[in-house]
Amino acid sequence: FSTPLLVSCPRSGVGLALCRRLLEEDGRIHLCVACRNALKAEATRDAILELHPAAQVSTVEVDLGSLASVLRAAKELRCRFQRLDFVYLNAGIMPNPHVNFKALWKGLLTGKLLHMLTTAEGVMTQTDRLNGDGLQEVFTTNLFGHFILIRQLESLLCGNEKPSRLIWTSSSNARESAFSLSDYQHAKGQESYSSSKYATDLTSVVLNRKLNKQGLYSSVVCPGLVMSNMTYRILPVFLWTLLMPIMWLIRFFAKTYTLTPFNGAEAHVWLFKQKPEYLDALAKYHSCTSGLGKNYVEPRKMDVDEETAEKFYQKLLELEEQTLERYGDLLD
């Protein structure tokens, strides 16, 4: 029997490395790659088949930042699959990132520089915008689009003979201080990425509480600091070239400097091999790499308030209801 598995945004970086590593773990996987458009989906499929020519790889077109696209993709997946064993919720954006060099200098003077470099706390800002649905783009792409997708796929995820798994790509940059229930889309702030990742952690906690009994388990992972297309947009390329030797040196002190997509996918792959009922629903699983290049996984308790998580989940349900009313023609 094949293991049906969906991965969102596996075009490059951790997503592509994850697909390749999963096929090395288990050649029986039926891998469905979800990309923003058909051309990118086919290019991703070709890149995977290059290393694994015998693999079962299909594609589905979905733009997580467009709710109509999410609903169409969910409908197509329900027609194609009877169940999904794993859904890796990996798609994410960080538009117009800026580094606060003044904050970095202050961190150096106060002895907090290593903490800031490993969490990006107080260092990274973004400029968000509204999408075509009138929602904040980062919130929709990083969280709400995924939330709508899994809600629409519950018939494939719940009540199966063996448990199904949701595995969200979160971040060490997920911080409570960047998130507000009164502005959960983060329309007013400049840390939309951090807010969306903290919202991801909250969502996962509630999904476990509500759906474990139906055989659906949710986990969150942090890939660490990976040099990917998203990372390279933060600074000019020549600066990254100058900084790379320092980055490799920092890894002796900061184990979350995984640096390569292969290393960053460590926690994702590790979770693939675990029995979900033995995992901690309040832990985030971090990909780590030692200074000498050894990969391992470190679980850390998430800094989430469960009451806030429940309230936020109710807000997501309310927003979902508004969405379904607007796009009723795309429902079965």
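Just above, that's the structure.
Residues numbered from 1 in each chain as written. Predicted model: local features only at pLDDT ≥ 70, side-chain atom pairs only at ≥ 80, totals over all residues. Heavy atoms only, no water.

Visitor: For this particular structure, what's the right way to read the overall build of the protein?
Guide: From N to C terminus, the protein includes 13 helices and 10 strands. What you see for the protein is a C-alpha radius of gyration of 19 Å, in line with the 20 Å of a compact globule of 332 residues. In terms of overall dimensions, the protein has a C-alpha envelope of 60 × 45 × 40 Å along the principal axes. A buried classification covers 56% of the 332 residues belonging to the protein. The long-range fraction of contacts in the protein, counting pairs at least 24 apart against all pairs at least 6 apart in sequence, stands at 74%. (Helix = DSSP H or I, 4+ residues; strand = E, 2+ residues; numbered from the N terminus. Rg over C-alpha atoms; globule rule 2.2 N^0.38 Å. Buried < 20%, exposed > 50% of the residue type's maximum accessible area, 1.4 Å probe, protein only. Contact = heavy atoms within 4.5 Å.)

Visitor: How should I be thinking about helix α8 (residues 192–211) in this particular structure?
Guide: Residue pairs spaced three or four apart in an α-helix point in one direction, given the helix's 3.6 residues per turn. The end-to-end C-alpha separation of α8 is 28 Å, in line with the 28 Å expected for 20 residues at 1.5 Å each. The element α8 is extensively covered by neighbouring structure, given that 18 of its 20 residues are classed as buried. (Expected span 1.5 Å × (residues − 1).)

Visitor: I would appreciate a short explanation of the pattern of salt bridges in the present structure.
Guide: Side chains that carry opposite charge are capable of pairing whenever their charged atoms lie near each other. All told, the structure shown has 19 salt bridges when counted by the stated rule. Of the charged contacts, one joins Arg151 and Glu320 as a salt bridge, the two residues approaching to 3.0 Å between their closest N and O atoms. Linking Arg151 in helix α6 (residues 137–152) with Glu320 in helix α13 (residues 306–326), this pair joins segments that are 169 residues apart in sequence. Across the pair Glu191 and Arg175 runs a salt bridge whose closest N-O atoms are separated by 2.2 Å. With a gap of 16 residues between them, Glu191 in the loop between β7 (164–169) and α8 and Arg175 in the loop between β7 and α8 connect regions that are remote in the sequence. (Salt bridge = Lys/Arg side-chain N within 4 Å of Asp/Glu carboxyl O.)

Visitor: Sorry, what's going on with the sheet that holds strand β1 (residues 3–8) here?
Guide: Through backbone hydrogen bonds, the strands of a sheet pair up, either in parallel or in antiparallel fashion. Spatial ordering of the open sheet is given by β3-β2-β1-β4-β7-β8-β9-β10, a layout of 8 strands whose pairing is mixed. Every interior strand has two partners, whereas the edge strands, β3 (56–61) and β10 (295–301), have only one. Neighbour-to-neighbour, the strand axes of the sheet open up by a mean angle of 25°, direction not taken into account. As paired elements, strand β2 (residues 29–35) and β3 share 6 bridges and run parallel to each other. Pairing of Val33 across the sheet is with Thr59, part of β3. Its contacts with the sheet place helix α1 (residues 13–25) against β1, β2 and β4 (86–89), and it is angled at close to 175° to β2. (Pairing = 2+ DSSP bridges. Axes fitted to C-alpha atoms, helices over the stretch in contact; angles between N-to-C directions.)

Visitor: Would you mind going over the side chain of His30 with me for this structure?
Guide: Tracing the sequence through the fold places His30 in strand β2. Overall, His30 belongs to the buried group, its relative accessible area being 19%. In contact with His30, other than residues within four places in its own chain, are Ser2, Thr3, Pro4, Leu5, Gln56, Ser58 and Phe81.

Visitor: Can you help me understand the pairing of β10 in this one?
Guide: Taken residue by residue, a regular strand's side chains alternate between the two faces of the sheet. As defined by bridge partners, strand β9 (residues 283–289) adjoins β10 across 7 bridges and the pair is classed as antiparallel. Residue pairing for β10: His286 is matched across the bridge by Glu298.

Visitor: Where do I start with a nonpolar patch on the surface in this structure?
Guide: Together, Leu249, Phe252, Phe253 and Leu292 give the surface a local cluster of nonpolar side chains, amounting to about 540 Å² of exposed area. Position of Leu249 among the secondary structure elements: in helix α10 (residues 237–250). (Patch = residues over 30% accessible without salt bridge, like charges linked within 9 Å, V, L, I, M, F, W, Y side chains within 5 Å. Areas by Shrake-Rupley, 256 points an atom, 1.4 Å probe, with all protein chains shown as cover.)

Visitor: Looking at this structure, how should I read the side chain of Thr200?
Guide: Along the chain, the position of Thr200 falls in helix α8. Look past the residues within four positions of Thr200 in its chain and what remains in contact with it is Asn142, Leu143, Trp168 and Val220.

Visitor: I keep staring at the nonpolar core and nothing clicks. Help me out?
Guide: Ranked by size, the top nonpolar core spans 53 residues in total, and within it Leu6, Phe144, Leu153, Leu166 and Phe312 carry the most contacts. Every residue in contact with Leu6, bar those within four places of it in the chain, is listed here: Cys32, Ala34, Val60, Leu77, Leu84, Phe86, Val87, Tyr88, Leu149 and Leu153. Of all hydrophobic cores here, the second largest spans 30 residues; its members include Leu22, Leu23, Leu49 and Leu279. (Core = buried A, V, L, I, M, F, W, Y, C linked by side-chain atoms within 4.5 Å.)

Visitor: What is the right way to look at α10 in this model?
Guide: Over its 14 residues, α10 runs 19 Å from end to end, which matches the ideal 20 Å to within 8%, given 1.5 Å per residue. Helix geometry: α10 is bent most strongly at Leu243, by close to 45°, with proline Pro245 lying one to four residues after it. Listing the buried residues of α10 in full gives Trp240, Met244, Met247 and Ile250. (Bend = angle between axes of the 7 residues up to and from the residue.)

Visitor: Would you mind going over the packing of helix α3 (residues 67–80) against α6 with me for this structure?
Guide: A pair of packed helices can be characterised by two numbers: the angle between their axes and the separation between those axes. At a closest axis distance of 9 Å, the pairing of α3 and α6 adopts a crossing angle of 35°. Seen along the crossing, α3 lies across α6 with a hand that is right-handed. Here Leu67, Val70, Leu71, Ala74, Leu77 and Arg78 of α3 come into contact with α6, specifically with Thr140, Phe144, Gly145, Ile148, Leu149 and Gln152. When grouped by side-chain class, the residues that make up the contact of α3 with α6 number 8 nonpolar, 3 polar and 1 charged. (Left-handed = near helix turned anticlockwise from the far one by under 90°. Nonpolar A, V, L, I, M, F, W, Y, C, P; charged D, E, K, R; others polar.)

Visitor: What exactly am I supposed to notice about the packing of aromatic side chains here?
Guide: Think of a pair of aromatic rings as described by two things: how far the centres are apart, and how the planes are tilted against each other in angle. The tally for this structure, following the rule as stated, stands at 10 aromatic pairs. On the basis of an interplanar angle of 45° and a centroid distance of 4.8 Å, the ring pair of Phe86 and Phe272 is categorised as tilted. Of this pair, Phe86 sits in strand β4 while Phe272 sits in helix α12 (residues 266–272), and the two are 186 residues apart along the sequence. Owing to a relative accessible area of 8%, Phe86 belongs among the buried residues under this scheme. Ring plane angle 85° and centroid distance 5.3 Å describe the contact between Phe179 and Phe312, whose orientation is recorded as edge-to-face. Here Phe179 is found in the loop between β7 and α8, whereas its partner Phe312 is found in helix α13, with 133 residues between them in sequence. Look at Phe312 and you get buried, because its relative accessible area is 0%. (Phe/Tyr/Trp six-rings, centres within 6.5 Å; stacked < 30°, edge-to-face > 60°.)

The analysis is restricted to geometry; functional conclusions fall outside its scope.
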